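# Chains, contacts and geometry: an overview
Single-letter residue listing:
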Amino acid sequence: MHELAVCQALIEQVERVARENDARRVVSIVVSVGPLSGVEAKLLEHAYPLAAAGTIAERASLIVETVPVRVRCRSCRAETDALPNRLLCAACNDWQVDVTAGEEMLLKRVEIETAESPVH
Amino acid sequence: MCRDCGCSLGPSVGRAPLAAHRAPAGHAESIEVITAILGENDRVAAHNREHFDARGLLALNLMSSPGAGKTSLLEATIRALAGELNVAVIEGDLATENDADRIRACGVPAVQITTGNACHLDARMVHDALHDLPLEGIDVLFIENVGNLVCPASFDLGVHRNVTLLSVPEGDDKPEKYPVMFRGSDLALITKTDLLPFIEEFEPERARSSLRQVGFSGPVIELTKRGGDGFVSWLGWLRAEVSAQRHRATSAG
């Protein structure tokens, strides 16, 4: 269950962004995760509250966008969807393909509330 | 500054690149970041690689399920290369110094990382271990990762090559079950092939096709418990990689 370690790394990045932008709190975090990154979206969501506890992102919502695996065939040049454990061209079935999407493990966006925010 | 090695690695000098878009100032801001979540690990991994390259040494990450034969392979390799290549080993396990003791008994330096409950090594753990390991004169550094086909795949350690073992009792469809790990490997070793007569359901050809299906494109070597053609091929691969790394270091330096 390395998702906890991944979440801790994520929180460090988010804390840095929050600090550099004078955030009072972090409202939401958007990450993008592909199946070939080796990280499971569900496990990331489960691990997140543990990693976020006591940080500026404690009450932030984590939005995990999953990216499908895409491959480009070296023979027929078609770009098609593929399964993580079946990286074959869907058009001609060739196994000599380049992965064009599905390896991502990115922090994309952080929504923050700054000190000037109106108090509700 | 990195305390012991005098390099420029600090505890938190990395910055998330704050790219372009910022919503108009107000109470809520949406900040577009686009940065690798494991960016800090990647940075330390790159730093480790600089350490290795500066010495022209080849660093290998050895991965497999628990019990596939990583430590046994290392013992046999160290003995076979004695007097030819200088080897050092970093051992990763949840607990015990057992594996490092086995390696030290072969007469080479070994550092044990005990990860507690962590299921993988990361670049920082390896960097810390490097400070306890004299690298002068070392040709090959083996990093034996925690036995696990899932978690180690996500963490770059700064090595030059990833080597994954698949032992016969595990089944020939292992690559399809753990695609990320096998896809990220440069060499696959099918170990314990002495057991093939007893485990008929394992067909090496099927293992090769399973590897190909997950995008693995490196060489596959079959190993018996001791010696044989496969072991000679493994040593040949190792020697070629050592010499390629020396060549890279010389031309860079």
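Residues numbered from 1 in each chain as written. Chains lettered and ligands numbered in written order. Predicted model: local features only at pLDDT ≥ 70, side-chain atom pairs only at ≥ 80, totals over all residues. Heavy atoms only, no water.

## Quick notes on the overall build of chain B
From N to C terminus, chain B includes eight helices and eight strands. In chain B, which comprises 253 residues, the proportion classed as buried is 53%. In chain B, of all internal contacts separated by at least 6 residues, the share reaching a separation of at least 24 is 72%. Within the structure as shown, chain B displays about 11000 Å² of accessible surface, and the carbon and sulfur contribution to it stands at 51%. (Helix = DSSP H or I, 4+ residues; strand = E, 2+ residues; numbered from the N terminus. Buried < 20%, exposed > 50% of the residue type's maximum accessible area, 1.4 Å probe, protein only. Contact = heavy atoms within 4.5 Å. Areas by Shrake-Rupley, 256 points an atom, 1.4 Å probe, with all protein chains shown as cover.)

## Some words on the side chain of Glu170 of chain B
All names here are of chain B. You can see Glu170 is positioned in the loop between strand S6 (161-167) and helix H5 (174-177). According to the relative accessible area criterion, Glu170 is buried, its value standing at 17%. In this structure the side chain of Glu170 is engaged in a polar contact, spanning 2.6 Å, whose partner is the side chain of Ser167. Only 2.9 Å separates the side chain of Glu170 from the side chain of Lys174, close enough to count as a polar contact. With near-sequence residues (within four places) excluded, Glu170 lies in contact with Ser65, Ala68 and Leu149. (Polar contact = N/O pair within 3.5 Å; in protein donor to acceptor, adjacent residues only side chain to side chain.)

## What about the environment of Glu241 of chain B?
All names here are of chain B. Here Glu241 is to be found in helix H8 (residues 228-252). The spatial distance from the C-alpha of Glu241 to the C-alpha of Ile37 is 31 Å, given a sequence separation of 204 residues. If near-sequence neighbours (up to four positions away) are discounted, Glu241 is found in contact with Leu58 and Arg161.

## Regarding the sheet that holds strand S4 (residues 79-81) of chain A
All names here are of chain A. The strand order S4-S3-S5 describes an open sheet built from three strands, whose pairing is antiparallel. Only two strands of the sheet have a single neighbouring strand rather than two, namely S4 and strand S5 (97-101). Geometrically, the sheet is characterised by an average inter-axis angle of 35° between neighbouring strands, direction not taken into account. Pairing geometry for strand S3 (residues 70-73) and S4, over three bridges, is antiparallel. In the sheet register, Val71 faces S4, and the bridge partner there is Thr80. (Pairing = 2+ DSSP bridges. Axes fitted to C-alpha atoms, helices over the stretch in contact; angles between N-to-C directions.)

## Points about the state of the cysteines
Working definition of a disulfide: a covalent bond connecting the sulfur atoms of two cysteines. One pass over the structure, following the stated rule, counts zero disulfides over all chains. Its sulfur unpaired, Cys151 of chain B is 3.2 Å from the next cysteine sulfur, which belongs to Cys119 of chain B. (Disulfide = S-S within 2.5 Å.)

## What to know about unusual backbone geometry
Within the chain, Asp22 of chain A stands out as a residue other than glycine whose phi angle is a positive 50°. Here Asp22 of chain A lies in the loop between helix H1 (3-20) and strand S1 (23-33). Overall, the relative accessible area of 58% leaves Asp22 of chain A in the exposed class. With phi around 60°, Lys192 of chain B is a residue other than glycine that occupies positive phi space.

## Things to note about the nonpolar core
Core analysis: the largest hydrophobic core is formed by 33 residues, its most contacted members being Val26, Ile29, Val31, Tyr48 and Leu107 of chain A. Listing elements by their share of this core, those giving two or more residues are H1, S1, helix H2 (41-52), strand S2 (61-66) and strand S6 (105-114) of chain A together with strand S1 (28-36) of chain B. In terms of residues, this core owes the most to one element, H1 of chain A, which gives eight residues. Aside from chain neighbours lying at most four places away, what touches Leu107 of chain A is Leu10, Gln13, Val14, Ile29, Val30 and Val31 of chain A together with Val33, Ile34, Thr35 and Ile37 of chain B. Grouped together as the second largest cluster of nonpolar side chains are 31 residues, Val89, Cys106, Val108 and Val163 of chain B included. (Core = buried A, V, L, I, M, F, W, Y, C linked by side-chain atoms within 4.5 Å.)

## So, the pairing of strand S3 (residues 87-93) of chain B
Residue and element names in this part refer to chain B. Within S3, seven of the seven residues are buried, leaving the element largely enclosed by the surrounding structure. In the sheet, S3 pairs with strand S5 (residues 140-144) via five bridges, with the strands oriented parallel. Looking across to S5, one finds that Val87 is bridged to Val140. In this sheet, strand S4 (residues 110-114) lies alongside S3 in parallel orientation, the contact comprising five bridges. Considered in S4, the bridge of Asp93 is made with Thr114. Each parallel crossover has a hand, and the one from S3 via helix H3 (residues 98-104) to S4 is right-handed. (Right-handed = clockwise from strand over helix to strand, strands pointing away.)

## Brief notes about the side chain of Thr80 of chain A
All names here are of chain A. Tracing the chain through its elements places Thr80 in strand S4. Here the side chain of Thr80 touches Ala90 through a polar contact of 3.2 Å, landing on its backbone nitrogen. If we skip the residues at most four places from it in the chain, Thr80 touches Val69, Arg70, Val71, Leu88, Cys89, Ala90 and Ala91.

## Re the interface of chain A and chain B
Taken residue by residue, the interface counts 37 residues in chain A and 33 residues in chain B. Both sides of the chain A and chain B interface together cover about 3200 Å² of buried area, and 58% of this is carbon and sulfur. Summed over the three residues of chain A that lose the most area to chain B, namely His2, Asn85 and Trp95 of chain A, the buried surface amounts to 17% of that side. At the junction of chain A and chain B, the tally comes to one salt bridge. (Buried area = accessible area lost by both parts, 1.4 Å probe. Salt bridge = Lys/Arg side-chain N within 4 Å of Asp/Glu carboxyl O.)

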